[in-house]
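Chain residues, written in single-letter form:
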Amino acid sequence: MNQQLLADVIRREGGRVVATLTRRLGSLELAEDAVHDAVVRALEIWPDRGVPDNPAAWLTSVARNSALDRLRRETNRGPKEQAAMAHLLNDPEPVPEPSSVRDDMLRLLFTCCHPALAEPARIALSLKTLGGLTTEEIARAFLVPEATMAQRIVRAKKKIAGANIPYRVPSDHELPDRLEAVCRVIYLIFTEGHHSATGDSPVRIDLAEEAMRLGRLLTDLMPDVPECTGLLSLMLATHARRDARLDNAGELVLLNDQDRTRWRHDEIAEAAALIDSAIRRRQPGPMQTQAAIACLHGLAPSYQDTDWPQIAELYGLLERQMPTPVVRVNRAVAVDQAFGPAAGLAVIDAVQGVEGWHLFHAARADMLRRLHRNDEAEAAYLLALDCHPNPADRRFLTGRLESLSQDRMGSKGD
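What you see is a predicted model; the values in this text were computed from it and never measured. Think of each chain on its own: its residues are numbered from 1, step by step along the sequence as written. Totals for whole chains, interfaces and linings use all residues, but because this is a predicted model, local features are given only for residues with pLDDT of at least 70 and pairs of side-chain atoms are given and counted only at 80 or more. Side-chain figures throughout are based on the complete set of non-hydrogen atoms in the structure, without hydrogens or water.

(A) Region of the structure containing helix 14 (residues 308-321). To qualify as a helix, a DSSP run of H or I must reach at least 4 residues; to qualify as a strand, a run of E must reach at least 2; elements of each kind are numbered from the N terminus. Helices are assigned an expected span. That span is 1.5 Å times one less than the residue count. The terminal C-alpha atoms of helix 14, which comprises 14 residues, lie 20 Å apart, in line with the 20 Å expected from a rise of 1.5 Å per residue. Within helix 14 the residues assigned to the buried category are Trp308, Ile311, Ala312, Leu314, Tyr315, Gly316, Leu318 and Glu319. The contact criterion used is simple: two residues touch if any of their non-hydrogen atoms lie within 4.5 Å. Lining the buried residues of helix 14 we find helix 13 (286-299) and helix 15 (325-339). Three exposure classes are used, based on accessible area relative to the maximum for each residue type with a 1.4 Å probe and protein chains only: buried under 20%, partly exposed in between, and exposed over 50%.

This is the structure:
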């Protein structure tokens, strides 16, 4: 059996099974250990026997039995462990209904985003537990070393266990303290699906759609919160371009080269309607701003007809709302498109803290190339390659570097 397919199935189902078992066991740590045992068993059996018709039910059943075995082996069980064991023995439910699974995932997401945890730890734990991302992938998203990210995740788990943080969706008055982190987590899960930091494929549709399911559930839970609506709009408008983002060979197609007839314009229209309704509430936030940018891209009839000055202005607003290096790089790209590469380069050269992000160097290299500063462009492409991008991005950057070298050779020949 294809190992990548097996890994994709386990990644897709793992977060849902952890969420379900956490509800039944009352312990995230025990649930994760049990699911780990089930995954190991799946890796032993599935390559020969094939993936079961209902992999979630299979993983849940095996994980449940593993949790029971672990609890029985514990000679000094506390009240929580005793309650968990009694619950498993009295409730042999193999797998809950899909609606229950979604609720379980939302409960676990809010648990991971408890205000007792530091914000980076909240987001990292959620991405690890629910998004199925590896520690390496999360570290890349945060632009920090993998060891640093691993420590954050371990500390967050210990904090949840030690502080007895409840596994539930918080009451209305508690929501504001967690909502921003929840929105960010869902969007980071989506971002990893839209443009994966690792793996052979730069696009992971299943992960992006899992994030969108969580986003719809969150919007259903809080329909009057504009940032939730903005998050869903942002994901819809971005995901609508999925069919045009890869060519027949599986290579990335840049936005300016995409066939817009392949975009899903019904989803873009839904996204535009959602962001219009959110903006009318006059409670601006970064998710709404990003959604407005995505909708401007989606509604433009062509790349040349894109309202780049408006997008650059919106990125300026986003930078005031979220003054992060990644936002500044994106603003630089918008400024480049609106006012030329010299203006974009002035913005991007002032950005600090993203030296390990290949897209920063790639964007800068492209601006330098169009300014005919070829030596500097070549150096920037090499820096991008040194950041260990995913294979598809590496091939793209290598192609750009080779094209630059050929142009230089041609110039010398002339």
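After that view, the rundown keeps rolling.
(B) Structural view of the environment of Trp263. By secondary structure assignment, the location of Trp263 is in the loop between helix 11 (226-239) and helix 12 (265-279). The sequence separation of Trp263 and Arg241 amounts to 22 residues, and the corresponding C-alpha distance is 4.7 Å. Those residues within four positions of Trp263 in sequence are excluded, and the remaining contacts are Ala240, Arg241, Ala244, Leu255, Gln258, Ile268, His297 and Gly298.

(C) Highlighting the pattern of salt bridges. For salt bridges, the criterion is a side-chain nitrogen of Lys or Arg within 4 Å of an Asp or Glu carboxyl oxygen. Under the defined criterion, the tally for this structure stands at 16 salt bridges. The salt bridge involving Arg395 is made with Glu251; its shortest N-O contact spans 2.7 Å. Of this pair, Arg395 sits in helix 19 (residues 391-413) while Glu251 sits in the loop between helix 11 and helix 12, placing them 144 residues apart in sequence. Taking the shortest distance from any N to any O, the salt bridge between Arg331 and Glu319 comes out at 2.4 Å. Within this pair, whereas Arg331 is found in helix 15, its partner Glu319 is found in helix 14, the two being separated by twelve residues in sequence. Exposure remark for Arg331: the relative accessible area of 23% places this residue in the partly exposed category. Residues participating in the shared-partner salt-bridge network are Asp336, Asp366, Arg369, Arg370 and Arg400.

(D) The arrangement of the packing of aromatic side chains in detail. Pairing of aromatic side chains requires ring centres within 6.5 Å, counting the rings of Phe and Tyr and the six-membered ring of Trp. Pairs whose planes differ by under 30 degrees are stacked, by over 60 edge-to-face, and all others tilted. A full pass over the atoms with the stated rule returns three aromatic pairs. Consider the rings of Tyr187 and Phe190, whose centres lie 6.1 Å apart with planes at 15 degrees: the pair is stacked. Note that Tyr187 and Phe190 are positioned in helix 9 (residues 176-194) at a spacing of three residues, about one turn of the helix. Judged by its relative accessible area of 1%, Phe190 falls in the buried class. Seen from the ring of Trp263, Arg241 lies directly overhead, with NZ or CZ sitting 5.9 Å from the centre. Here, a charge over a ring is recorded when the distance from Lys NZ or Arg CZ to the ring centre is within 6 Å and its angle to the ring normal is within 35 degrees.

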